[in-house]
Amino acid sequence: MPKINDVMRTIFFILAFAAAASAQLTVINTSSTDIQPAQMFYIEADLAIKPTSYANGGFQSYGYRTVYGLDKKTEVGVSVFYTRDGTTSPVEANFAIKRQLIASEKHGIASTAGLTAYVPLNKSAGSRTVTVGYVNISKTFDKLRGLRLTAGAYRAFNTGEDFGDKGGITLAFEQPLFRRVSVIGDWSSGKNRFGYSAAGLNFALTKRQNLTAAYNWVNSGAGNNFLSLFYSNSF
């Protein structure tokens, strides 16, 4: 029988990764103020990995998600994630909705609010569905080569006593370097499943295809850091 600490560690990994790649348009781990265009799909294949042996806390997480633009201001999404660490194999689904509150291209300001439900699909992923609500706002600076800064806040519900902090703030930046390459990063405060910072590069392969590579640092416990890779396409 696996040790309780090993099971909890594995659950933490999948929940943290699922938060990073929840079914909505994101910077890395936090929601962006972008909205998927109406009647268009966004699909993404995700990989998160800690490249060490299972005995030393190594794991691999695989995910697939899709987002659909309901109208000019609303998107909905569904995703599924699977993790393996040599002992357990948690599976979780995410269901999300996001609504754009403000969109001023002239002033470079946008704001969104959203709700995401994290639903365990097997015993290894736990038995509690956690729901998170959030709001954010961004500002784009054209004179700084299109730098976009985003700030927001989140609150988790139905968390249970062992969840940790119930809410916190989020910060993110996106800085274009070249025509098709941007450096990006974000951070969620709190000691909970969302408490990560991340930094990486986004490559615009085509007008609708992107590849993102990032490294993720947990707010507490360096042993839970991991690499992530996302490939996306809109159609």
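About the criteria used
- Residues numbered from 1 in each chain as written.
- Predicted model: local features only at pLDDT ≥ 70, side-chain atom pairs only at ≥ 80, totals over all residues.
- Heavy atoms only, no water.
- Core = buried A, V, L, I, M, F, W, Y, C linked by side-chain atoms within 4.5 Å.
- Buried < 20%, exposed > 50% of the residue type's maximum accessible area, 1.4 Å probe, protein only.
- Contact = heavy atoms within 4.5 Å.
- Helix = DSSP H or I, 4+ residues; strand = E, 2+ residues; numbered from the N terminus.
- Lys, Arg positive; Asp, Glu negative; His and termini not counted.
- Salt bridge = Lys/Arg side-chain N within 4 Å of Asp/Glu carboxyl O.
- Pairing = 2+ DSSP bridges.
- Axes fitted to C-alpha atoms, helices over the stretch in contact; angles between N-to-C directions.
- Phe/Tyr/Trp six-rings, centres within 6.5 Å; stacked < 30°, edge-to-face > 60°.
- Lys NZ or Arg CZ within 6 Å of the ring centre and 35° of its normal.
- Patch = residues over 30% accessible without salt bridge, like charges linked within 9 Å, V, L, I, M, F, W, Y side chains within 5 Å.
- Areas by Shrake-Rupley, 256 points an atom, 1.4 Å probe, with all protein chains shown as cover.

Draft legend 1. Examining the nonpolar core more closely. Formed by Tyr118, Val130, Val132, Tyr134, Tyr154, Ala156, Phe163 and Phe194, the largest nonpolar core amounts to eight residues. Those residues in contact with Ala156 that sit more than four places away from it in its chain are Val130, Thr131, Val132, Phe163 and Lys166. Listed in part, the seven residues of the second largest apolar core include Val27, Ile184, Ala198 and Ala214.

Draft legend 2. Structural view of the side chain of Lys50. Here Lys50 is to be found in strand E1 (residues 41–50). One buried charged residue, Lys50, remains without a salt bridge, the closest side chain of opposite sign being Asp85 at 10 Å. Apart from residues lying up to four places away in sequence, Lys50 is in contact with Asn56, Gly57, Gly58, Phe59, Gly223, Asn225 and Phe226.

Draft legend 3. Local environment of the sheet that holds strand E6 (residues 130–141). If you walk around this closed barrel you meet the twelve strands as E1-E2-E3-E4-E5-E6-E7-E8-E9-E10-E11-E12, and the pairing is antiparallel. Put simply, the sheet's adjacent strands are angled 20° from each other on average, direction ignored. The pairing of strand E9 (residues 181–188) with strand E10 (residues 196–204) spans seven bridges and is antiparallel. By the bridge assignment for E10, Val181 is matched with Phe203.

Draft legend 4. Spatial organisation of the pattern of salt bridges. Here the structure, examined in full by the defined rule, presents seven salt bridges. Notably, a salt bridge pairs Arg99 with Asp71, separated by 3.6 Å at the nearest N-O pair. Of this pair, Arg99 sits in strand E4 (residues 91–104) while Asp71 sits in the loop between strand E2 (59–69) and strand E3 (74–84), and the two are 28 residues apart along the sequence. Its relative accessible area of 39% is what places Arg99 among the partly exposed residues.

Draft legend 5. Geometry of the packing of aromatic side chains. By the definition in use, this model includes nine aromatic pairs. An aromatic cluster is present here, built from Tyr118, Tyr154, Phe163 and Phe194 joined pairwise through their rings. Here the guanidinium or amino end of Lys139 rests over the ring plane of Phe141, the centre of that ring lying 5.8 Å away.

Draft legend 6. View of the pairing of E6. With ten bridges joining them, strand E5 (residues 109–120) and E6 adopt antiparallel strand pairing. Across the sheet, residue Gly114 finds its bridge partner in E6, namely Tyr134. Connecting E6 to the antiparallel partner strand E7 (residues 147–157) that follows it, the hairpin turn spans five residues, and Arg145 within it adopts a positive phi of roughly 60°.

Draft legend 7. Up close: the environment of Met40. Along the chain, Met40 falls in the loop between helix H1 (4–20) and E1. Classification of Met40 as buried rests on a relative accessible area of 18%. Taking the C-alpha atoms as reference points, Met40 and Asp71, separated by 31 residues in sequence, lie 9.3 Å from one another. If sequence neighbours within four positions are ignored, Met40 has contacts with Val67, Tyr68, Gly69, Arg208, Ser234 and Phe235.

Draft legend 8. A nonpolar patch on the surface, seen in detail. Taken together, the side chains of Leu177, Phe178, Leu201, Phe203, Leu205 and Tyr231 define a hydrophobic patch exposed on the protein surface, amounting to about 520 Å² of accessible area. Secondary-structure assignment places Leu205 in the loop between E10 and strand E11 (209–218). Taking relative accessible area as the criterion, Leu205 reaches 43% and is therefore assigned partly exposed.

Draft legend 9. Here's a closer look at unusual backbone geometry. The phi torsion at Gln39 lies on the positive side, around 60°, for a residue other than glycine. Along the chain, the position of Gln39 falls in the loop between H1 and E1. Look at Gln39 and you get exposed, because its relative accessible area is 64%. The backbone phi angle of Arg145 is positive, close to 60°, even though this residue is not glycine. With respect to the helices and strands, the residue Arg145 is situated in the loop between E6 and E7.

Draft legend 10. Broad picture of the environment of Val130. Examined against the element boundaries, Val130 turns out to sit in strand E6. In this structure, the C-alpha to C-alpha distance between Val130 and Asn94, residues 36 residues apart in sequence, is 9.8 Å. Setting aside chain neighbours within four positions, we find Val130 in contact with Thr116, Ala117, Tyr118, Ala156, Phe157, Asn158, Thr159, Phe163 and Arg193.

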